[in-house]
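Spelled out, the chains give:
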Amino acid sequence: MSQPDETHHFRRLVVIWAVLAVVCDVVFYFAVGPHVPPGAMSTSASGQQTDFIVLFMIALPVMLAVWVYMAYALIVWRGSRSGEEEPEGGPKARGHFGIQVGWIATTTVIVLGVFVYGTVELVVPAGAGGGEGQSPIWTPASHDVLSIQVIGQQWEFTYRYPAFGGFETRQLMIPVDTPVAFHVTSLDVIHSFWAYQLGVKADANPSSDNVAYTTANQLGAFTVRCSELCGLWHGAMYDFGRVLTKAQFFAWAQSTERQNAANTKLLPPFSYTYVPDANGADGGYYPDNVDPYSKVQQYGATSPSK
Amino acid sequence: MRRGGRLAILGVLLGVAVGLVVFTVMAFLRSSPPTVDFTTGHMAGAPVDLRVQTVGSIGFGPHPTWVSYMTETPGGQWVHTTLWDLPAHTRINVTLDQYDSGSPLRNQQLGQIIGTAGTVATYNGKPESVINSNDTNGVGHTFTIPTLGISVPLVGISANAKNPCSVAPCSTSYDHNVIKFSFVTPGPGQYPWQCFVPCGLAYLYGNGGPMQTVGYMDGFLKVVA
Amino acid sequence: MALDMRAGIRSEHSGDAAPPGASVRRRRFGLFGPHLGRALVGAVGGYAFGHWVGNLIASGYINVQGNGQNDVATVLGLSIGVVGWLAGAGMLNYPLAKIVGREPLPPAMSKSWTRYFGPALDHKVIGLQYTIVVLLFLFTGGLLAMAIRTELLTPTSHIFGPGTYISVVSEHGTIMMMMASSIIIGPLGNWLVPLMIGSRRMAFPRVEAFSLWMFAAGYLVILTALPLGGFPTGWTGYAPLQTQASAGMDSYLVGFAVIGIGMICAGFNLLATIINYRAPGMTWSRIPIFVWSILATAALLTLATPTLVAAGLFGVLDRTAQTALYVNEHGGSSFLWENLFWFFGHPEVYIMALPGFGIVAEILPVFTRKPPFGYRIAAAGMIGVALLSFFVWQHHLFQSGINPDMRPLFMLTTELISIPTGFIFLVGMGTLWKSKIRYEVPMLFALGMFFNFLIGGISGVFLSDVPVDVTVHGSFFVLAHFHYTIMGGLVFAFFGGLYYWLPKMTGRTLNKRLGKWHFWTMFIFFNLTFFPLFLVGLLGQPRRVFEYAQNLQVLNDFASVSAFLLGSSFVIFVANFVWSIFIDPKPAPANPWNSLGLEWQTANPVPSYNFARIPVVLADPYHYGRGDSQAVADLGPKTLALAGAVRADAPAAVGEHGVTGEEGSADPRPPIA
């Protein structure tokens, strides 16, 4: 109708929204913030936690704006049962240049801001724990990085420690306050290594190396789950790792190296990628006389299939 | 058509639909190999003897060319299943007759015996703690329970064996390896187990077919209180 | 004398006049004519024949003898089964006749209900056929979802075996995605677009019928996956697990190829229709927003789907001919399928989202009695989303080991696409400003769509942020996100559109009270089911698992029980639909919602030729509101809709030559051939 009426609605909406947005954001930050997954057990996990909190504190006012407006509109502007009166139509109802431009500008600024922040959170904690492929560009500042190879196979993860003679074990132990590089690869189909509390996720592809970095800064246990559907026992493909003190870690690594020495001699030499036999132990999928494409480090059936 | 007629047709269609759904659930979704029960009549504290065999091809059923495990019931019958009911906190003595030939392991890490009593298994009477799968006979299958940290590689028979068994259930007169080991069941729960040798013949990476079918190379330990 | 705008449409009478010297051909009627029964016979016969040929070719192959699984036979059986299905439905009559050089016989124009079981050239019949098939897809997928939630009630005791469980999950996902790609284009796009643009027909009626029969064939093909052993890859079908899988995987590959071809055909048919068949005066700034959304969707259908068909073909080759396109060790790449699939997969999800936007943009003006706010920005938003959707697909692959500098780039493009996606909210909010809202059932669904899509869309922004994605990728957070956008957005919009347009499509009204019950139960239980799943994902449960951490059982149980209740809300809809349309129909008024849309200005029931005279369009259909009265179109003398407010009891349209289209009268005009 007239100008004051519209400003009146608008002002009410802004006030309700502002109050709700501030209250909800503050409650979220203090009550929920410290508990936001994946927690703060490592640098990548804390980075992700902070990122999530920031994103949520931006998203919450945006959602509240829409919800407050719609709730207000649905209550205040509901039509009467008889439905005889008509609202104002005409060209004014069809668009308003200022509002449209304002909306586009605001959403663009928010989106670009979120993008810049997300990139910073990605780059600074050495890739935020995500798999960076075989040529990672965001690496930890320190050069004392412990490499652990994660081998995914149907349906278990095993871990090789090149720094300790290349022994292979089912247990994942990492030292605290040490940058760790997970070199994730697979011996058959695509798996995904997800160390939940460490905030690390990297897909395991056959014959390729996917590197993810993190530095644990709390002791304790963490869950490792496969997060890419890989067949029958995908749901059972999980285990638990531990973050140990440096002394405990060295003790564990050296004693395991000793215990597994007999088997480690039989393992193929350590390599960042392996070429598993696509035929499998019984052979038959590809003709036997077809050589694998790459001669790099054959892992497994070296004798021709029967 | 009158309303009553339409209702009748609707009722018939509804009945057909419900019938189809029930049939699908019962016939496809809920079908499963039988579970061998080792808990009835079990005295608390006594060990359970579990006898299984692995064969190169099962010879019967919908997939006669597939490799498979078979289980002997307490009554002495061989059943084509990999599902067992076992009592909790009990020592299980496993005797495994391995009738299949072997190959090098894709991951030699599985050549280590872990999680068993004494961390050993006996192969034809000789206790071992590491099996070199690049040896002449290689490893045919493994018996692995990942969540319990138990794994035993099962050595294959020679590729030039004179008397291999080709149709299950195999009797001990055929060429085979006898592998024995023991482990203790934990508290109640369902624990998946599998073979880790990619022995699915003619599947990519060897892990299709029997390697992904419960009743052949995968199963459950159902531990009951 | 008015222009006879039926140029190009041959009537049945002229077709019967045989050219001199030709032998008279008898059309097949009744049981031997083309219809669903004959299609089923053709499908079974074709499958048997193809399977036999496959056995002939491949049963001697070493690997077939080794694993006992003949994928060549399965693929050929399914493919030739589809050809047999199409032949039985009469889809091959026209091309074969033309190849042989004869005059093809048009299908019989029956007026009885049996015409819905055979091939049709009338886009309205095809739209209703699509509706039934879409509902079949929806309920089958829904039953599978109930099975999934039953299994997830406890983390440790299992109702299905693990292999069966992933087959059920995969089947549910694939059926729902196949349905969702055509859920609005098929039923509502086909039915409404010609009427909305003032046309008598679509550009390619036979192609349209073909796309319907392909859609139905896809349903049958994907159902064969269950008896063939299921498939273990989820709807995303990642290689090399795909190559390793049992025979059910062939159903997936052939099924998606079939659905894909149907989608491509539907897409270019709609594009050609919208571009070329607009009535005089129907300029680009007067077409309804729904038509803009269909235009953007049709462009995506036509351009993105061929990638899926190609990727599926490679998968079939890998499984049957032992090529190594997806196998790393023999020169292929496990990354290839991921990239091809998601290059299709991302535009695919916008194929699903855009028609939903179009529907709510149509519904809102009618029930707020105001024109839509920002018509141009709505259209621009849809075109923008369609264009940008080709540049974001790597966000599904952030952790896959892609080149790391790609990640900020795709984070940028994915976040940018949220800007045009947000325009629909501006349109909705602006339309509600100082309006007079009427809470009819379609409006409730449209409002529900806004609520759900907001949550779905914002959760998408979280997923596009690479650090957060490290934790939530592949978890139930992603699952909750896409259920909120696809089910909460698209399916709600679909039901809104159905309740809104069914009175026009069938001439029968749905019961209002049952409709409101349906909406409220569906809305409440939908949110109760999927909101906890965000938390479940954040707390570490991956997708597609049959076992999960013990501490997540409470949340999973809450979601499962709500899911069962959500499933029962669909029973209300089915009861309403079946009762009101088939068992005890009550005739609907010509324009129960008092809408200004051109599709509402037709006679009731809509005759097969749509308009007695091609209308001359004078304005867009949004002149609601006080002080803004404008006729939508001139449909000829003594017709409806020459005023801003249309009264439901206005007389039916009367065209030239004294032919009437009054309610209930038989239509004496020759039908479209």
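Note that the structure is predicted; figures quoted are calculated from it, not measured.

Caption draft 1: A look at the interface of chain A and chain C. Listed as interface residues are 103 residues of chain A and, on the opposing side, 102 residues of chain C. In this assembly, chain A packs against chain C so that about 8400 Å² is buried in total across both faces, 66% of it on carbon and sulfur atoms. It is Arg94(A), Leu229(A) and Tyr285(A) in chain A that bury the most area against chain C; as a group they hold 9% of the surface buried on that side. The interface formed by chain A and chain C includes one salt bridge. Between Arg94(A) and Asp620(C) there is a salt bridge, with the nearest N and O atoms lying 3.0 Å from each other.

Caption draft 2: The arrangement of the sheet that holds strand S6 (residues 91-98) of chain B in detail. Residue and element names in this part refer to chain B. Spatial ordering of the open sheet is given by S4-S3-S2-S6-S11-S7-S8, a layout of seven strands whose pairing is mixed. Each edge of the open sheet carries a strand with a single partner, namely strand S4 (78-79) and strand S8 (126-128). Here strand S3 (residues 68-72) runs beside S4; their pairing, made up of two bridges, is antiparallel. The residue of S4 that forms the bridge with Thr71 is Val79.

Caption draft 3: Broad picture of the state of the cysteines. All names here are of chain B. On inspection of all chains with the given rule, the structure shows one disulfide over all chains. Covalently, Cys165 is tied to Cys170 through a disulfide, its sulfur atoms 1.9 Å apart. A torsion of -80 degrees about the S-S bond marks the disulfide between Cys165 and Cys170 as left-handed. With respect to class, Cys165 is no different from Cys170; both count as buried.

Caption draft 4: Looking closely at the side chain of Ser147(A). Residue and element names in this part refer to chain A. Take Ser147: it is sitting in strand S1 (residues 146-153). Judged by its relative accessible area of 17%, Ser147 is buried. Aside from chain neighbours lying at most four places away, what touches Ser147 is Pro162, Ala181, His183 and Tyr272.

Caption draft 5: Seen up close, the side chain of Thr169(A). Within the fold, Thr169(A) resides in strand S3 (residues 167-169). In terms of polar contacts, Thr169(A) uses its side chain to reach the backbone amide nitrogen of Gln171(A), at 2.9 Å. Aside from chain neighbours lying at most four places away, what touches Thr169(A) is Thr158(A), Tyr159(A), Tyr161(A), Trp252(A) and Gln109(B).

Caption draft 6: Quick look at the interface of chain C and chain B. Across the boundary between the two partners, chain C contributes 34 residues, which contact 23 residues of chain B. Counting the surface lost from both chain C and chain B, the interface buries some 2400 Å², and carbon and sulfur atoms represent 64% of this. Where chain C touches chain B, the interface holds one salt bridge. Taking the shortest distance from any N to any O, the salt bridge between Arg3(B) and Asp584(C) comes out at 3.2 Å.

The rules we used
Residues numbered from 1 in each chain as written. Chains lettered and ligands numbered in written order. Predicted model: local features only at pLDDT ≥ 70, side-chain atom pairs only at ≥ 80, totals over all residues. Heavy atoms only, no water. Contact = heavy atoms within 4.5 Å. Buried area = accessible area lost by both parts, 1.4 Å probe. Salt bridge = Lys/Arg side-chain N within 4 Å of Asp/Glu carboxyl O. Pairing = 2+ DSSP bridges. Helix = DSSP H or I, 4+ residues; strand = E, 2+ residues; numbered from the N terminus. Disulfide = S-S within 2.5 Å. Buried < 20%, exposed > 50% of the residue type's maximum accessible area, 1.4 Å probe, protein only. Polar contact = N/O pair within 3.5 Å; in protein donor to acceptor, adjacent residues only side chain to side chain.

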